[in-house]
Amino acid sequence: MFKLRKISTVSLILLTLAVACQGQATPLPRATATTDAPPPERTVTAVPQPTGPNIGGRLTMTLEFSDITTLDPVVPDDNSSIWTILNVYDQVFRVSRDGTTLEPDAVSGYSVSPDGLEYLFDLRDGLTFSDGAPVTVDDVVFSLERMLASENWGFLFPEGEVTVEPAGDKSFKLVLQSPYAPLVNNLAGFWSSIVPKALVEAQGEAFWETPVGSGPFMVSEWVKGDHITLARNPHYWEAGKPYLDEVELRPGSDDNTRVLRFQAGQLDVLLGVPYNQIKLLDETDGASAGVSPLMGALRLYPNLAQPPLDDLNVRLALAYAIDRQAIIEAVLFGYGEPATTALIKIPGWWNDQLPGFPYDLEKAKEFMAKSSVPDGFELTTTYTAGSTTDEQIAVLLQQQWALIGVDLVLQPVDIAVLTEQFGAGQLQLNQSFWSSSDVIDPAETSAFFSCRRTQPRQGFCDERINGLYLSSGTIMDPAERKAVFFEIQELGNDNVYWIPMLYVPSRWAKWDYVKDFELLPTGNFRLWEVWLDK
Amino acid sequence: MAFVVAGVTVIVFIILRLIPGDPCSALHGQYVRPETIERCRVDQGFDQPVWVQFVTYLGRLLKGDLGRSLYYRRPAMDVFLERLPVTVFLALYTIAIAVSLSIPLGIISATNKGNILEAIVRVGTSITLSMPSFWLGLLLMLIFSVRLRWFPVGGYGSSFAEHLRFLFLPALTLALTIATVLARTLRNSILEILQSDYVRTARAKGSSWHRVMLRHVLRNALISYVTLLGIALAWVIGGTVVIEQVYGVPGIGSLLINSILNRDYDLIQNNILVYALLVVVINLAVDLTYPIIDPRVRND
């Protein structure tokens, strides 16, 4: 009897558990109405799903291939440092999300004197550093003076001709000796980041280890070579942003390792996806991968001081003999487009009327026949050792140019050697300088047009192009300035001083719960707008 | 030891100045004015003859100034010391795993001569030894990180527990390679010692197999094992260069590669100097363990 009671108790418990564990509870019988009236119709209203950004969460993403070298905004030229800086500090202006205009960042507005020599900027109200101290005009003046004096980025402004002065408690001005058209655009670069004067002066170099900025995030941890963690800046001026609590930025490493990290779920966003992995990652459940427009290009730099590259017919032959589309298909897996001019595709400045050098083998052969080396010649191309993309492009160039009698010798060297030898004019053909822009004005990336650079590197100085380039900074009328850059590109193409190769996109992959993450045409990203739907 | 350090310093200094590639060009990139690069070369003394640069370098060294990283814009030793613990951790972790694997494998292989267990160990070690470490690393990442999600792919972590977890696969990658060599060496030593008279005597006296292995066989076999372990540790220190790149571990190996690519002279110099010192110290440590293992050496 006792045993039966025990079994019954156990059975009852098991039955209870079985019922409780059911995914859907069995509905209880409803009390029926006592009248004969039909039961009221039930309308089921869907529970509204939350829309808009979720606040909170932690995002982990890669940076570029190299380590973060410094968070001093006037120093770096590596993207890992630059993209971090853009999220830790405010700049005077910032590039809009679609990369076509500027937005005020640390300033709320500005005005220009009629003679174009004085720019007055109003500091944004409520701008506060992450340590709670207000951003003052003195901080802005200090930051911009540092930038103007810096070796790496001061060249973006006329040397010795720009001064920064306070103009009251809430305003500052830039005073120029002559008009400078790209001034406002160039104040949107990472180099114009605002830093706290007192702390920088007091701490010196140590400040850059744990910097303080007024940007959307602040540095909370930095394990050198491994990752940097940014936490939300509670004093950020843009109300309600950033949405994320934290962002972990990891410098990139080996291509395979980065992709595996993403696939293992260790990364929410992956940048610099290898071209051959984009489709694979896009087909991964729950993930997306693709490309975004980038103001980026590859061009070849022939050295006109080394015959027969001084022969225009030779350069024309080389330019027309390149099947750029074939290179895009084979090396970039279809992601990219043939370049038509030497300038990168900055909207409004890139000459879209030029046909470039569409692949025409017969035309190339005609130019070779007319040249000083109709039977062909040996040419050495130098590219970055270890870059699979550069090597593959070199191999394809070797095959394509063989058809016009050019025996292309491949010379991979490491980047330090390439940079030195190119600067000293020791290369016959430099194949490896990929170009992009941090601002939406050609000033930053068009310096290679000037004789100051073409003479030592490529053995020529085109006075017309040089004059146009040097004058481009002083022409305030946008249409006239645009015409100048258009003419530079036309002259560049007519003389084939540079052989345009490819326009390349940014490559990314992310899990679908990452929302509003986009790469701007300047290559950077606005983490303060990103949120997680999970 | 002083001669080794001095020799390494001189040789590295000269080689760095002889190989092409200018640190200032690498530092400033393609956009700056040519005059900026020239100014950098003068400021850093790279425009001076090599012997003048060497004398200047020695002068700084004698004052304890180990130079400045051009790339990181900080004292070179600071940059180096941030990364050194990572590599030391990885190296010791590797050795710990290698020893844990190789000793049992060596014993199993020696005591099961001719049977299936020995065959498995022998074939397994041969396969592992023939795999390039970077390929093995990728394979382990694919299986254990991506598919099984047991371990993260690369990195270092922030806490001690995270270091153990993050560095397990890199350490295992290195350990598998050296464990195979160590296991084979141990196996051969054990087999040789098992033929010895004193082992036969011990067994004849009635000692258990377990006691004979521990007290007589293993202790004697460890002498050659420890010698090889010292060499392996020195190899591991150098081997971390590849593994740190593959796994994205922020140690001195990956620092060395980047500093060579950037021609960061002072950082390279410090890096290689410390590598040389470590090898010397490891060899010394190995020599010091012999008396512990074999009292006869102590008595000698």
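Here's what I pulled together on the structure shown here.

How each quantity is defined
- Residues numbered from 1 in each chain as written.
- Chains lettered and ligands numbered in written order.
- Predicted model: local features only at pLDDT ≥ 70, side-chain atom pairs only at ≥ 80, totals over all residues.
- Heavy atoms only, no water.
- Patch = residues over 30% accessible without salt bridge, like charges linked within 9 Å, V, L, I, M, F, W, Y side chains within 5 Å.
- Areas by Shrake-Rupley, 256 points an atom, 1.4 Å probe, with all protein chains shown as cover.
- Salt bridge = Lys/Arg side-chain N within 4 Å of Asp/Glu carboxyl O.
- Helix = DSSP H or I, 4+ residues; strand = E, 2+ residues; numbered from the N terminus.
- Contact = heavy atoms within 4.5 Å.
- Buried area = accessible area lost by both parts, 1.4 Å probe.
- Phe/Tyr/Trp six-rings, centres within 6.5 Å; stacked < 30°, edge-to-face > 60°.
- Buried < 20%, exposed > 50% of the residue type's maximum accessible area, 1.4 Å probe, protein only.
- Lys NZ or Arg CZ within 6 Å of the ring centre and 35° of its normal.
- Polar contact = N/O pair within 3.5 Å; in protein donor to acceptor, adjacent residues only side chain to side chain.
- Right-handed = clockwise from strand over helix to strand, strands pointing away.
- Pairing = 2+ DSSP bridges.
- Expected span 1.5 Å × (residues − 1).
- Bend = angle between axes of the 7 residues up to and from the residue.
- Axes fitted to C-alpha atoms, helices over the stretch in contact; angles between N-to-C directions.
- Parallel < 35°, antiparallel > 145°, perpendicular 65-115°, else oblique.
- Disulfide = S-S within 2.5 Å.

## Topic: a nonpolar patch on the surface
All names here are of chain B. On the surface, a nonpolar cluster with roughly 380 Å² of combined accessible area is contributed by Ile108, Ile116, Leu117 and Ile120. No other element matches helix α6 (residues 116-130), which puts three residues into the nonpolar patch. If you trace the backbone, isoleucine 116 turns up in helix α6.

## Concerning unusual backbone geometry
For the bond running from lysine 241 of chain A to proline 242 of chain A, omega is 0°, close enough to zero to count as cis. Structurally, proline 242 of chain A is set in the loop between β9 (227-232) and β10 (246-250). Looking along the chain, the bond that leaves proline 307 of chain A and enters proline 308 of chain A is cis, with omega of 5°. Within the chain, valine 496 of chain A stands out as a residue other than glycine whose phi angle is a positive 50°. Mapped onto the elements, valine 496 of chain A comes out in the loop between α15 (478-495) and β18 (499-503). One non-glycine residue, arginine 73 of chain B, lies in the positive phi region at around 55°. Within the secondary structure, arginine 73 of chain B sits in the loop between β1 (68-69) and β2 (74-75).

## Digging into the interface of chain B and chain A
Often, the extent of an interface is quoted as the loss of accessible area upon association of its parts. Counting from both sides, the interface comprises 44 residues of chain B and, opposite them, 47 residues of chain A. Summing both sides of the interface, chain B and chain A together bury roughly 3800 Å²; the carbon and sulfur share of this comes to 49%. On inspection of chain B and its partner chain A, the count reaches six salt bridges. Between arginine 68 of chain B and glutamate 205 of chain A there is a salt bridge, and its shortest N-O distance comes to 2.4 Å.

## Side note on the packing of aromatic side chains
Under the definition given, this model contains 36 aromatic pairs over all chains. Relative to tyrosine 57 of chain B, the ring of phenylalanine 13 of chain B has its centre 5.2 Å away and its plane inclined at 35°; by these criteria the two rings are tilted. In this pair, phenylalanine 13 of chain B is assigned in helix α1 (residues 2-18) and tyrosine 57 of chain B in helix α4 (residues 50-62), connecting sequence segments 44 residues apart. A relative accessible area of 3% means that tyrosine 57 of chain B is categorised as buried. Among the aromatic residues, ring-to-ring pairing joins Tyr301, Phe422, Phe448, Phe449, Phe460, Tyr497 and Trp498 of chain A into one connected group. We note arginine 124 of chain A situated over the ring of tryptophan 237 of chain A; from NZ or CZ to the ring centre the distance is 3.6 Å.

## A short note on the side chain of serine 437 of chain A
Residue and element names in this part refer to chain A. As for its position among the elements, serine 437 is in the loop between β17 (429-436) and α13 (451-458). Within the local environment of serine 437, its side chain forms a polar contact with the backbone oxygen of valine 439, the two atoms lying 2.6 Å apart. In this view, serine 437 contacts Met295, Ile344, Ile346, Glu444, Thr445 and Thr522; residues no more than four positions away in its chain are not counted.

## Digging into the pairing of strand β15 (residues 377-384) of chain A
A regular strand places its side chains on the two faces of the sheet in alternate fashion. All names here are of chain A. With seven of eight residues buried, β15 lies mostly within the body of the structure. As for the winding sense of the linkage, the β-α-β connection from β15 through helix α11 (residues 388-402) to strand β16 (residues 406-413) is right-handed. Summarising the sheet, β15 and β17 pair through two bridges and their orientation is parallel. Looking across to β17, one finds that threonine 381 is bridged to leucine 429.

## Comments concerning the side chain of serine 214 of chain A
Residue and element names in this part refer to chain A. Note on placement: serine 214 falls in the loop between α5 (197-203) and β8 (217-223). Of the polar contacts made by the side chain of serine 214, one reaches the side chain of aspartate 90; its length is 2.8 Å. Not counting residues within four places of it along the chain, the set of residues in contact with serine 214 comprises Val88, Tyr89, Asp90, Leu127, Thr128, Phe129, Val135, Asn233, Tyr236 and Trp237.

## Topic: the pairing of strand β4 (residues 107-112) of chain A
Residue and element names in this part refer to chain A. In this sheet, strand β5 (residues 118-123) lies alongside β4 in antiparallel orientation, the contact comprising five bridges. When the sheet's bridge partners are listed, valine 112 is paired in β5 with tyrosine 119. In sequence, β4 turns back onto β5 through a hairpin of five residues, with glycine 116 there showing a positive phi of about 70°.

## Some details on the sheet that holds strand β13 (residues 296-302) of chain A
Strands sit in the order β14-β18-β13-β17-β15-β16 (chain A) across an open sheet of six strands; the sheet is mixed. Of all the strands in the sheet, the pair left with one neighbour each is β14 (337-338) and β16 of chain A.

## Description of helix α11 (residues 209-247) of chain B
Taking 1.5 Å as the rise per residue, α11 of chain B with 39 residues should run 57 Å; its terminal C-alpha atoms sit only 43 Å apart, a clear shortfall. The largest bend along α11 of chain B measures about 40° and falls at leucine 218 of chain B.

## Details of the packing of α11 of chain B against helix α12 (residues 252-261) of chain B
A pair of packed helices is characterised by two quantities: the angle between their axes and the separation of those axes. Residue and element names in this part refer to chain B. Here α11 crosses α12 at 85°, and the two axes come no closer than 7 Å. Relative to α12, the element α11 is oriented roughly perpendicular. Residues Val241, Glu244 and Gln245 of α11 pack against Ile252, Gly253, Ser254 and Ile257 of α12.

## So, the state of the cysteines
Residues and elements named next belong to chain B. Following the criterion strictly, the structure yields two disulfides over all chains and no others. Across a sulfur-sulfur distance of 2.1 Å, cysteine 24 and cysteine 40 are joined as a disulfide pair. Residues cysteine 24 and cysteine 40 share a disulfide whose torsion about the S-S bond is about -75°; that sign makes it left-handed. Taken together, the residues span a long stretch of sequence, with cysteine 24 in helix α2 (residues 23-28) and cysteine 40 in helix α3 (residues 34-44) at a distance of 16 residues. Taken individually, cysteine 24 and cysteine 40 each receive the classification buried, so the pair is uniform in this respect.

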